[in-house]
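Overview (structure and organization)
These are the residues of each chain, in order.
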Amino acid sequence: MSGGGPPRKRNFKIEAFKNRVELDPKYAERTWKVLEHAIHEIYNHNASGLSFEELYRSAYNMVLHKYGEKLYDCLQNTMTWRLKEISKSIEAAQGGLFLEELNAKWMDHNKALQMIRDILMYMDRTYVPTSHRTPVHELGLNLWRDHIIHSPMIHSRLVNTLLDLIKGERMGEVINRGLMRSITKMLMDLGPAVYQDDFEKPFLDVSASFYSVESQEFIECCDCGNYLKKAERRLNEEMERVSHYLDAGSEAKITSVVEKEMIANHMHRLVHMENSGLLNMLVDDRYEDLGRMYSLFRRVPDGLSTIRDVMTSYLRETGKQLVTDPESLKDPVEFVQRLLNEKDKHDKIISVAFGNDKTFQNALNSSFEYFINLNNRSPEFISLYVDDKLRKGHKGATEEDVEVILDKVMMLFRYLQEKDVFEKYYKQHLAKRLLSGKTVSDDAERSMIVKLKTECGYQFTSKLEGMFTDMKTSQDTMQDFYAKKSEELGDGPTLDVHILTTGSWPTQPSPPCNLPTEILTVCEKFRAYYLGTHNGRRLTWQTNMGTADIKATFGKGQKHELNVSTYQMCVLMLFNNADGLTYKDIERDTEIPASDLKRCLQSLACVKGKNVLRKEPMSKDISEDDTFYFNDKFTSKLVKVKIGTVVAQKESEPEKQETRQRVEEDRKPQIEAAIVRIMKSRRVLDHNSIVAEVTKQLQARFLPNPVVIKKRIESLIEREFLERDKVDRKLYRYLA
Amino acid sequence: MCTPAAGRGRVRLNVGGRVFETTTATLASAGRDTMLGAMLDASWNASHDDAACGGGGSAAAEYFIDRDPACFAVLLDLLRTGGLHVPRGVPEATLYREALYYGLLDRVRAARLGDFDGDRLRLAASVPGCAPGDGTAVRAAPDGGCCVAHGGAVRVYNWMLEERRPVYYPGHAPVNDAAYLDAATLLVAARERPGRLGDDGGVAAFSALTGGLRHRFRVAHDRQPRSFTAGALTFDDGGCSFFASCKGRFNEYGIGVWDANTGEQADFFYEPPGCALGDADRLQWLDGTGTLMVATMFPRTDSSFISLLDFRDKSVVWSWSDVGTPASLEDKHAVHAVVMEDGRSVCVINQYDDLGFLDLRSSAGGVRWRSRSKLATSGKTKALVSEEVCYPKLATYGGQLFASTGDTVSVFSGPDHVLTSTLRGGQGGAICDFSIGGDRLFALHSEENVFDVWETPPPAII
């Protein structure tokens, strides 16, 4: 404007645009009125006249013009006012209608809240997060919680109503479960804390005292089985209640209350209840009650161990009685059968009632192990039991039945500590069965051997298997012998030889007796044949183990076939040439060992109905001055007469001692071998460790006695396998 | 409306005078928690339903919306097709505003940003800064926004690249590092200045929306709260706790650990002799092994030092340093490090843009430098801006390795790290920092405080 001319008035002037920011001061107030009206209409179920778009836009504009805070605060006030009105109407509801009214208002509030949130959505998205306010929906729930649920007039009434209804249902009344469901769901919607503090906690407390009283009543008037039935029913009822109208999270809590009040608090009393407790259930095989007890007790701490302890002590007690009862010792087969029955009984209880619980099975096993080994004749008896089953031909029993029995026996076998003793006896019994041809099924025998083998390993059964091989080769050899030499033998007596490998069989060395000449010739022919086919072998006749079938003609001409032992045959053959012989004569002619001879003569002369010899003087026992005559007057209905040897099936006391001693002898080298094996790998070891290791290595076969181990160590030191450490005397060193 | 069946489900909308006709299904696809979803909900249409039932005519179902029709057309198109096509005449800011009105902003964002792919990046924007001095760091937010730390302030941008209120550390302490705890919460590490009394520096959480201070994280030594300087920040894989390199005034050097939920100090790993932890300029959590990589690099210290810490038994499980490197190689310093995504090796880069690798499975090995990954162009660029030295930075994402060299970001792919893309953007000079997150790559230039935003466009349909 440096140029001339007056300044012109009509110059452009940019005015400040004052009105733009100065919004109508009443604007916010007016807009809020519209929204407030809408909120009331929504609560009054009169929303159909409202335009959503208009309301949304109004709320949007308020937020846009920085009236967010006002909008939020006004909303809060209006909603609070509405809820106070609602709380009055709920408080006014009478009796049973109270819950209905509460639920109806809650539904209304939820619907209204949803619509209010729709209107204020923009505020929820923008104003609420930046100013850290509570979102509208949550605000609505919080206000409901504070002004309805926590209102002093409603809170206790609500809780009491709910608890009364539940109590009524427990007493058998029918209640409106749908309503209950809605109310508890409302409490959950208000937040887990509301549900837990305002309902769940009092519910659990009331339940605890309810069940405490009820369980006391039950236990006074019910027996154990009935009590458990009631407890189970209550437990199921509570679980059902949770599934119908409580939050799923309550299930664990309420069941634990019932468990504690009904079971844990009365556990010991229940178990030991007179006439109906656990002991009686076990005795009477009450599977259903036992199963119930198991499933209930497993829910509480120490529940199962309580059952287990009672069962174990019961088992040990009965088992101990069983194995130490002098009556049962008389019949080994019955003895083992009773053990098996006991085992079956408890196996069934565990599988039917205790869900095959491993810990119970272990308790059962350890109990059996405990009492079976209390009686040191158990190995013998078990072997005898097997002998009985395999010998008598288990009349009518099928292969499978035998298999089952053998499997059960193997269970008992597993409990044995002295497996080597069992082996000894089993070998004897097996030998008898094989040699007397009394094994009924070769398959059953072999299956038993396989079982032992899988249980104890190859070593344990190698000799038993050797016995079977011997039997087979003997058969082949005899066939071959007769096929090649039949014309040579002519009409002489038929010979059946079992060739037994030395060491495989439990034979006692006994000097052979003098065989009758007829037999001797055949024997010599066989010997010649056998040694001719097998070089470098030695044959020894075990005359104490054989049997013979001989034909005899008696006074009135009647013929009998006598089935006798080899010794008896030798004695009888003497009477072909003489009518009467003194004991001394017989002893001289046969050279049978005195004890065997006595037994053999006793069975020939003193057994009624089988007395083919006559003794003078008549008496029960054989003395060296007796004279024997051929009994012409012998009669029998049977053509075949079996003359047994008087021999105890069960071992007599001295025999038992002898077997025991033999077992002890056999153990010595095994213990020594174990010690040497251990020391060879460890080189230096102290005494206790050796004992522990040896015990560990050998326990599959037997339980070595520490004193014996010590003796073996000393013996090994003497023989310079080991030496004591020069510095530390507790240590042993291996000498290579 | 040829038949009643065709008429059912049809909606007529009058938006700002322009009539749109669409189906309720299209509008309902927006979701119940949007303005359109709510408007069509039964609770707001009780009377309409009555009328519809009675008369059978759906002519009554016309809604009026007092908004801009052009933007609505774009958003309706988005609801119909799932794709976002913005015509020339519609400014993005307006579109975003309208989307926010309808409650569709999240859908716009999802349609706007494709899944991140380092080889298909497109420069979406160059945002000029107005802060004085150099930017220290740029950090990507999980939702596509970012923040730029410089001096005493952190400037925060939402995913629409609108600037929010900046974050100031109390006392305007200089900011060393920033990290997003979530899209709404920003952690800031600041330097303690000498001469100040007590309460200065440290780590604090801020609202990324409003810039307000939420929480200050404290460090206590022997139960005595102490002030400290916080260097680098990082999170563990669950985002439950975070780590910061800390320097206390009384030689209390080490790595602090805080619980991100409670805000309480959870642990402190004191610097053992021969380790540099308190000065670390890079921390990285290894998901697989549960260890923390701590790298203290040249030129902050004379030599570079990298170690892996196991907080469970407070041990250094692996470490490497170039202290003993022969003199001829001495001028080659590792200036940045990143643990590869397989967790087996650490990639380092020196000031001449050579990439090198350290094997984490053996402690003895040195750096295997790879000369062929060096870029021919970067040397030239560097010469141009040599007065402004920006050391290269590294990052990994989605199986790719990213390195900023000069004014470009190079993308290496595959097990042999072959160079597959180079990103060169705005005129801001050398890149001093970059960050990947929320499907975007942000590159901060040293001059002018400009930062570039790289996005992956939606893939071609055919």
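Report on the accompanying structure. (Residues numbered from 1 in each chain as written. Chains lettered and ligands numbered in written order. Predicted model: local features only at pLDDT ≥ 70, side-chain atom pairs only at ≥ 80, totals over all residues. Heavy atoms only, no water.)

1. Some thoughts on the overall build of chain B
Selection criterion: Strands here are runs of E lasting at least two residues and helices are runs of H or I lasting at least four, both read from the DSSP assignment and numbered beginning at the N terminus. Three labels apply to residues, based on accessible area from a 1.4 Å probe with only protein chains included: buried if under 20% of the type maximum, exposed if over 50%, partly exposed otherwise in between. We call two residues in contact whenever any of their non-hydrogen atoms come within 4.5 Å of each other. With residues, only the protein chains shown are counted as cover, and all accessible areas are computed by Shrake-Rupley using a 1.4 Å probe.
Broken down by element type, chain B carries 8 helices and 33 strands. Per-residue burial over chain B gives 53% buried out of 462 residues. A separation threshold of at least 6 residues defines the contact pool for chain B, and within that pool the share at least 24 residues apart is 49%. Here chain B displays about 20,400 Å² of accessible surface, and carbon together with sulfur accounts for 51% of that area.

2. Some thoughts on the overall build of chain A
The number of helices and strands found in chain A is 31 helices and 9 strands. For chain A, buried positions account for 45% of its 736 residues. Look at the contacts in chain A between residues 6 or more apart in sequence, and 70% of them connect residues 24 or more apart. Summing over all exposed atoms, chain A offers an accessible surface of approximately 38,500 Å²; the carbon and sulfur share of this is 51%.

3. Remarks on the side chain of A:E238
Residues and elements named next belong to chain A. Counted only if it meets this: Identification of polar contacts relies on pairs of N or O atoms within 3.5 Å, with a donor-acceptor requirement for protein atoms, meaning one able to donate a hydrogen and the other able to accept it, and with residues adjacent in sequence counted only if both atoms are side-chain atoms.
Secondary-structure assignment places E238 in helix α11 (residues 224–245). Residue classification places E238 among the buried residues on the basis of a relative accessible area of 0%. Polar side-chain contacts of E238 include one of 2.7 Å to the side chain of R170. Not counting residues up to four positions away in its chain, the partners in contact with E238 are R170, F203, Y211, I254 and V258.

4. Observations concerning the sheet that holds strand β2 (residues 18–23) of chain B
Strand pairing in a sheet relies on backbone hydrogen bonds. The paired strands run either parallel or antiparallel. All names here are of chain B. Inclusion rule: DSSP bridges decide pairing: two strands pair if at least two such bridges lie between them. For helices, the fitted axis covers only the stretch in contact; all axes are lines through C-alpha atoms, and the angles between them, taken along N-to-C directions, range from 0 to 180 degrees.
The strand order across the open sheet formed by 3 strands is β2-β1-β3, and the pairing between neighbours is mixed. Looking at which strands have only one partner, the edges of the open sheet turn out to be β2 and β3 (62–65). Between one strand axis and the next, the sheet turns through 25° on average, direction left out of account. With 4 bridges connecting them, strand β1 (residues 10–15) and β3 associate as parallel partners. What sits directly across from V15, in β3, is I65.

5. Description of the sheet that holds strand β30 (residues 418–424) of chain B
Residues and elements named next belong to chain B. Sheet architecture is open: 4 strands sit in the order β27-β28-β29-β30, paired in antiparallel fashion. Each edge of the sheet is formed by a strand with only one pairing partner; in this case those strands are β27 (393–397) and β30. For this sheet the average axis-to-axis angle between neighbouring strands, irrespective of direction, equals 25°. Where strand β28 (residues 400–405) meets strand β29 (residues 408–413), 5 bridges bridge the pair, whose relative direction is antiparallel. Residue pairing in the sheet places A403 in a bridge with S410 of β29.

6. Some details on the pairing of strand β18 (residues 265–270) of chain B
Residues and elements named next belong to chain B. Pairing of strand β17 (residues 253–259) with β18, which is carried by 5 bridges, proceeds in the antiparallel orientation. Each residue of the ladder has a partner; that of G254, found in β18, is Y270. Linking two consecutive strands that pair antiparallel, namely β17 and β18, is a turn of 5 residues; a positive phi of about 80° is found at G263 within it.

7. Considerations on the pattern of salt bridges
What counts is decided by this rule: Salt bridge, as applied in this entry: a Lys or Arg side-chain nitrogen positioned within 4 Å of an Asp or Glu carboxyl oxygen.
One pass over the full model with this rule turns up 76 salt bridges over all chains. Here A:R233 and A:E237 are joined by a salt bridge, their closest N and O atoms 3.7 Å apart. Here A:R233 pairs with A:E237, and both are found in helix α11, just 4 residues apart, close to one helical turn. The partly exposed category is assigned to A:R233, whose relative accessible area is 47%. On the basis of relative accessible area, A:E237 is assigned to the partly exposed category, the value being 23%. Across the pair B:D117 and B:R120 runs a salt bridge, and its minimum N-O distance is 3.7 Å. Looking at B:R120, the relative accessible area reads 34%, which means it is partly exposed.

8. Regarding empty space enclosed by the protein
Rolled over the atoms, a probe as big as a water molecule pinpoints where empty space is left. All names here are of chain A. As a reminder of what qualifies: Cavity and pocket criteria rest on a 1 Å grid covering protein atoms alone: a 1.4 Å probe that fits but cannot get out defines a cavity, protein on both sides within 12 Å along at least 5 of 7 lines defines an open pocket, and an atom within 4 Å of a point defines a lining residue. Grid points are joined across faces, edges and corners, and a volume is the space filled by probe spheres set on the points. Charged means Asp, Glu, Lys or Arg here, nonpolar means Ala, Val, Leu, Ile, Met, Phe, Trp, Tyr, Cys or Pro, and polar covers whatever is left, Gly included.
Here the structure, examined in full by the defined rule, presents 3 cavities of 30 Å³ or more. Reported here for the largest cavity is a volume of approximately 60 Å³. Residue lining of the largest cavity: N376, R377, E380, V421, Y425, K656 and R660, and that is the complete set. Of all the secondary-structure elements, those providing two or more residues to the lining of the largest cavity are α22 (419–435) and α29 (653–682). Looking at the lining of the largest cavity residue by residue, the class counts come to 2 nonpolar, 1 polar and 4 charged.

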